[in-house]
Amino acid sequence: MRHLLSMEDLDRDRIETILERAASFAEVSRREIKKVPTLRGQTVVTLFYESSTRTSSSFELAAKRLSADVVSVKAGGSSVDKGESLKDTIETLSAYDPAAIVLRHPYAGSSRMLTEWVDAAVINAGDGMHQHPSQALLDIFTLRNRIGSLEGANIWIVGDVLHSRVARSNIQGFQQMGASVTVAGPPTLIPRGIESTGCEVRYSLDEIDSADVLYLLRMQRERMGENFVPSIREYARLFQMNTRRLGPRQLVMHPGPVNRGVEISSDVIDSDQTLISEQVASGLVVRMAILYELLTGRERTGNGSAPDDPVPIGEPA
Amino acid sequence: MRHLLSMEDLDRDRIETILERAASFAEVSRREIKKVPTLRGQTVVTLFYESSTRTSSSFELAAKRLSADVVSVKAGGSSVDKGESLKDTIETLSAYDPAAIVLRHPYAGSSRMLTEWVDAAVINAGDGMHQHPSQALLDIFTLRNRIGSLEGANIWIVGDVLHSRVARSNIQGFQQMGASVTVAGPPTLIPRGIESTGCEVRYSLDEIDSADVLYLLRMQRERMGENFVPSIREYARLFQMNTRRLGPRQLVMHPGPVNRGVEISSDVIDSDQTLISEQVASGLVVRMAILYELLTGRERTGNGSAPDDPVPIGEPA
Amino acid sequence: MRHLLSMEDLDRDRIETILERAASFAEVSRREIKKVPTLRGQTVVTLFYESSTRTSSSFELAAKRLSADVVSVKAGGSSVDKGESLKDTIETLSAYDPAAIVLRHPYAGSSRMLTEWVDAAVINAGDGMHQHPSQALLDIFTLRNRIGSLEGANIWIVGDVLHSRVARSNIQGFQQMGASVTVAGPPTLIPRGIESTGCEVRYSLDEIDSADVLYLLRMQRERMGENFVPSIREYARLFQMNTRRLGPRQLVMHPGPVNRGVEISSDVIDSDQTLISEQVASGLVVRMAILYELLTGRERTGNGSAPDDPVPIGEPA
């Protein structure tokens, strides 16, 4: 595995390898000294053309906990303002010989284009409405920690599937792990032909009782202005997850940031059935695992440094 | 001491402990290698909802000089843009299991709220008009370095006391250390009933000769538009500290950033009687001390690592 | 050498010293662990009043690869918003006792002013239309790596020379290394009297065949609105470097970011005759060399730590 571009590229074995590595980093994260020297002296570049707290800070801290030097570039306050194209910006940044480049960019396929221009490992942190594979991996990791295995689980993905890269990645990831996936939402927000991916489609929550897990998507307020849904209130009436709808053994997930009172009610956010904060914590260790697998896999395979036991950094004696 | 929220929570002993620790870090800051390994492998999050150079860079560098990994989130260019509430943002960030969260937020009481949501030590770096305790501590540290003790000192806090969290923290801090405090400013900018905190009130600088120290507050230009004062010129005529007013043994302090020519004249800024740059330098070591006391106090009390002699980081032999 | 303010301050010996150091850091950059412990425990401040990806990230990473702690302040999202003057901002930042301050500021001479206010080494990363010496040094380094020596080379600097700090620095730097320099552009964009610096002047590309190296300047789109040139299209017709104009042995350089299709055509950007990505890679190691020379020169001259063989950082055994 040289890059992480799309869940389509990952078979179940590859996913298992990343999840096992993430579990070993979860153990490191519980130590007093939460870092390992794996990427010391190497550089990780994060390049975000869209705003983000969650994903960018998660990748940055993941790289720092592997002891890498991090260069973070955000659109705004940089040459990106001056109309520099992605290609020219990348040429600039790849001159630093980074081990990995983490890219979020509004155009679908931007990460794959990158792989033709650079030697670095490319990690897709969201390319338009296309893919967001580290989100799918952290969601699988989170869910497996709670329910053991996804085999046979019935997972509903609810909301604006049409515009969601998270939905696209997670349908593939959940299915790869043996779950069956149903997408549900207003007809305007469900892409035509999505049944061909092997998932079921519902246009209401009438049969929601059959779900084990409800994966809610963020309802962008701008969709209202674009006439995809008549109003926030109407959307919430039909598709909000609240304590009236939620069954006693159903689990709730959300990629964040949530719209309290829109796709999810406040009491559900704060309930024990909700895995949102586990998802964020998983994000850190899963991203450490992704960086580890991409950057140490080639050189280190088969040598003595046992990959599931990273050496802790000690203070000088 | 688990958190630093308000000067009200600190008795004189606690303040002394922090100041002594800060003095030991001032010594570290004069070395070639200005850092210690205390927080290696731990994470410090800074979360600023209001712009700041001074306070945010000071906390960030303080954490780095203790060898922590720092995650800095600023409102703007992040999910904060997307309307994520403080609670949801904190849930995201606390998933990284930070040792400390440093918060600046426009609502009074926001830091205290935080302590109910997170395991991390919470440091209030300014909550609305309420408190800014690290400022008070660095001001006490700075002043004590110059005059030895605050016992019996006569300190005037001059300007917009009404809107100032610095004034609120410093009145308590200076009094705790034995100083007597007078607040002075236009009647519209002095809160009613402030005498109950034990300070005197003046509405002019007529008796300014009695002061040992003049602590000037920043005059926000927006107060003019809000009709708290008739004009900048009028405010400066009545309350500006300039060489005509300043006595030869009086000291001048200011939390920064200054408005040259408004609350303070340029020649006073650049005079030897002014402690402004000492205040900034103190900010760094006092914030190192705050982090140290909050994060090592519990586990390390009574063990062999002498707290007033942090181990220096050496280069590999 | 205490500061790096202008190419005027550097004689050929000094330039050679920096280039040799840069070559040794280029070697470090090819290692697995791309950093050295030289500035461990020291602080480097970068203060940018103008947006930049290239220069700011290059200096930040250079400092990190020397193991310094970096404080980065950008205008916007900081007290700079509050109208703090350069002097007050610097007083704040110099209170951290930084080893070096890297400044980009719109006023010519701002860096030299700084040297009177601070103890730190000051590096001019661009002061208005005046100077940008690290750019000239990295360009010399890049060109020498390709052609061996600049002695007798014929270098044309093409475009908006009038507004370009890069042109001013590079004319001096290239001449210092023995090259002869011609500036070419529309008469409105060539400063009067520039011949006094020893360079030739041309108002067209008619004699471009005589050049060994074409150094293209960025054509700011705002110059059109200011009537310096009639239109982008007209400028491109007369001065764009494209495959029709470019001779088979001529080299092309550009300080970036490029305007594709304005001063340079896309096929020239991607050609082997173009050194743009080498320039960026050189930026990193030349800036490491600048920091090294400024910060270790005084104390370490003549002692045992061989300057051309920096000790690599090893992982703990």
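As the structure is a prediction and not an experimental result, all values here were calculated from the model.

What counts, and where the lines are drawn
Residues numbered from 1 in each chain as written. Chains lettered and ligands numbered in written order. Predicted model: local features only at pLDDT ≥ 70, side-chain atom pairs only at ≥ 80, totals over all residues. Helix = DSSP H or I, 4+ residues; strand = E, 2+ residues; numbered from the N terminus. Rg over C-alpha atoms; globule rule 2.2 N^0.38 Å. Domains from an automatic or database assignment. Nonpolar A, V, L, I, M, F, W, Y, C, P; charged D, E, K, R; others polar. Core = buried A, V, L, I, M, F, W, Y, C linked by C-beta atoms within 7 Å. Buried ≥ 20, exposed ≤ 12 C-beta atoms within 10 Å, placed from the backbone. Contact = placed C-beta atoms within 7 Å. pLDDT = per-residue confidence, 0-100. Pairing = 2+ DSSP bridges. Axes fitted to C-alpha atoms, helices over the stretch in contact; angles between N-to-C directions. Right-handed = clockwise from strand over helix to strand, strands pointing away. Expected span 1.5 Å × (residues − 1). Parallel < 35°, antiparallel > 145°, perpendicular 65-115°, else oblique. Left-handed = near helix turned anticlockwise from the far one by under 90°.

Moving on: the overall build of chain A. On a plain count of helices and strands, chain A comes out with 10 helices and 9 strands. Whereas a compact globule of 317 residues would reach a radius of gyration of roughly 20 Å, chain A reaches 20 Å, a difference of no more than 12%.

This next bit is on the domain arrangement of chain A. All names here are of chain A. For chain A, the assigned domains are domain 1 (7–131 + 281–300) and domain 2 (133–278). Domain 1 and domain 2 are separated by 26 Å when their C-alpha centres are compared. Contributing elements (two or more residues each) for the side of domain 1 that touches domain 2: helix H1 (12–29), strand E4 (121–127) and helix H10 (276–300). Take the side of domain 1 that touches domain 2: its biggest share by element is 6 residues, from H10. Of the residues contributing to the side of domain 1 that touches domain 2, the split by class is 11 nonpolar, 7 polar and 4 charged.

One finds Leu291(A), Leu291(B) and Leu291(C) to be the most contacted residues of the largest nonpolar core, which totals 289 residues. Ignoring sequence-local partners within four residues, the contact set of Leu291(C) consists of Leu39(C), Val44(C), Ala62(C), Ala63(C), Leu66(C) and Ala100(C).

Now for the confidence of the model for chain A. Residues shown with low pLDDT carry predicted positions that ought not to be read at fine detail. Residue and element names in this part refer to chain A. For chain A, the average pLDDT comes to 89, and 90% of its residues sit at 70 or higher. Below pLDDT 50 for its whole length, residues 299–317 participates in 22 contacts with residues either more than four positions away or in separate chains. As scored by the predictor, the complex reaches a pTM of 0.88 and an ipTM of 0.84.

Here the focus is the sheet that holds strand E9 (residues 251–253) of chain C. Residues and elements named next belong to chain C. Spatial strand order, E7-E6-E5-E8-E9: 5 strands in an open sheet with parallel pairing. Each of the sheet's edge strands pairs with one partner strand only, and the pair in question is strand E7 (200–202) and E9. Between one strand and the next, the sheet's axes are offset by a mean angle of 25°, whatever the strand orientation.

What follows deals with the pairing of strand E2 (residues 69–74) of chain C. All names here are of chain C. One ladder, built from 6 bridges, connects strand E1 (residues 43–48) with E2; its direction is parallel. When the bridges of E2 are listed, Phe48 appears paired with Lys74. As a crossover connection, the stretch from E1 through helix H2 (residues 54–65) into E2 is right-handed.

A few words on the environment of Leu246(A). Residues and elements named next belong to chain A. Structurally, Leu246 is set in the loop between helix H8 (232–239) and strand E9 (251–253). C-alpha separation for the pair Leu246 and Gln273, spaced 27 residues apart in sequence, amounts to 9.2 Å. With sequence-adjacent residues up to four places away left out, Leu246 is seen in contact with Met241, Val252, Val268 and Gln273.

Residue and element names in this part refer to chain C. Side chains Val213 and Tyr215 of strand E8 (residues 213–216) all project onto a buried face; the interleaved residues Leu214 and Leu216 project onto the opposite face, where all are buried too. Here strand E5 (residues 154–158) pairs with E8 via 4 bridges, running parallel. Opposite Ile155, over in E8, you have Val213 as the bridge partner. Pairing geometry for E8 and E9, over 3 bridges, is parallel.

This part takes up helix H5 (residues 133–147) of chain C. Residues and elements named next belong to chain C. Between its first and last C-alpha atoms H5 spans 21 Å; for 15 residues at 1.5 Å apiece the expected length is 21 Å, and the two agree. Across the 15 residues of H5, 11 count as buried, placing the element largely inside the fold. Here H5 has its buried residues at Pro133, Ser134, Gln135, Ala136, Leu137, Leu138, Asp139, Ile140, Phe141, Thr142 and Leu143. Phi turns positive one or two residues past the end of H5, at Gly148, with a value near 85°.

Here the focus is the sheet that holds strand E2 (residues 69–74) of chain B. Across the sheet, 4 strands lie side by side as E2-E1-E3-E4 (chain B); this open sheet has parallel pairing. At either margin of the open sheet sits one strand with a lone partner, and together these are E2 and strand E4 (121–127) of chain B. Put simply, the sheet's adjacent strands are angled 15° from each other on average, direction ignored. Against the sheet, helix H2 (residues 54–65) of chain A contacts strand E1 (43–48) and E2 of chain B, and its axis sits at roughly 170° relative to E2(B).

Let us look at unusual backbone geometry. With omega at -10°, the peptide bond leading from Gly256(B) into Pro257(B) counts as cis. For Pro257(B), the position within the fold is in the loop between strand E9 (251–253) and helix H9 (266–269). Of note in this structure, Asp97(A) is not a glycine but carries a positive phi near 55°. Secondary-structure assignment places Asp97(A) in the loop between helix H3 (86–94) and strand E3 (100–105). Unlike most non-glycine residues, Ser67(C) shows phi in positive territory, near 70°. Take Ser67(C): it is sitting in the loop between H2 and E2. A count of 19 C-beta atoms within 10 Å places Ser67(C) in the partly exposed class.

Residue and element names in this part refer to chain A. As a packed pair, helix H5 (residues 133–147) and helix H6 (residues 165–176) sit with axes 8 Å apart at the nearest point and diverge in direction by 50°. The orientation of H5 relative to H6 falls into the category oblique. As H5 runs across H6, the sense of the crossing is right-handed. Every residue of H6 that contacts H5 at Pro133, Gln135, Ala136, Leu137, Asp139 and Ile140 is listed here: Val166, Ser169, Asn170 and Gly173. Of the residues that constitute the contact of H5 with H6, the class distribution is 5 nonpolar, 4 polar and 1 charged.

Let us now look at the environment of Leu251(A). All names here are of chain A. The residue Leu251 is located in strand E9 in this model. Since 22 C-beta atoms lie within 10 Å of it, Leu251 is described here as buried. Separated by 15 residues in the primary sequence, Leu251 and Ala236 have C-alpha atoms spaced 19 Å apart. Apart from residues lying up to four places away in sequence, Leu251 is in contact with Arg146, Asp212, Val213, Gln273 and Leu275.

Take the environment of Tyr203(C) next. All names here are of chain C. Inspection of the secondary structure puts Tyr203 in the loop between E7 and E8. We classify Tyr203 as partly exposed; it has 14 C-beta atoms within 10 Å. Between the C-alpha atom of Tyr203 and that of Ser282, which follows or precedes it by 79 residues, the distance is 31 Å. For Tyr203, the residues in contact, after removing those within four places along its chain, are Pro186 and Pro187.

This brings us to the packing of H1(A) against H5(A). All names here are of chain A. Between H1 and H5, the least distance of the axes is 10 Å, while the angle of their chain directions is 65°. As the angle between them shows, H1 and H5 are arranged roughly perpendicular. Between H1 and H5 the crossing geometry is right-handed. Only Leu137, Ile140, Phe141 and Arg144 of H5 make contact with H1, whose side of the interface consists of Ile15, Ile18, Leu19 and Ala22.

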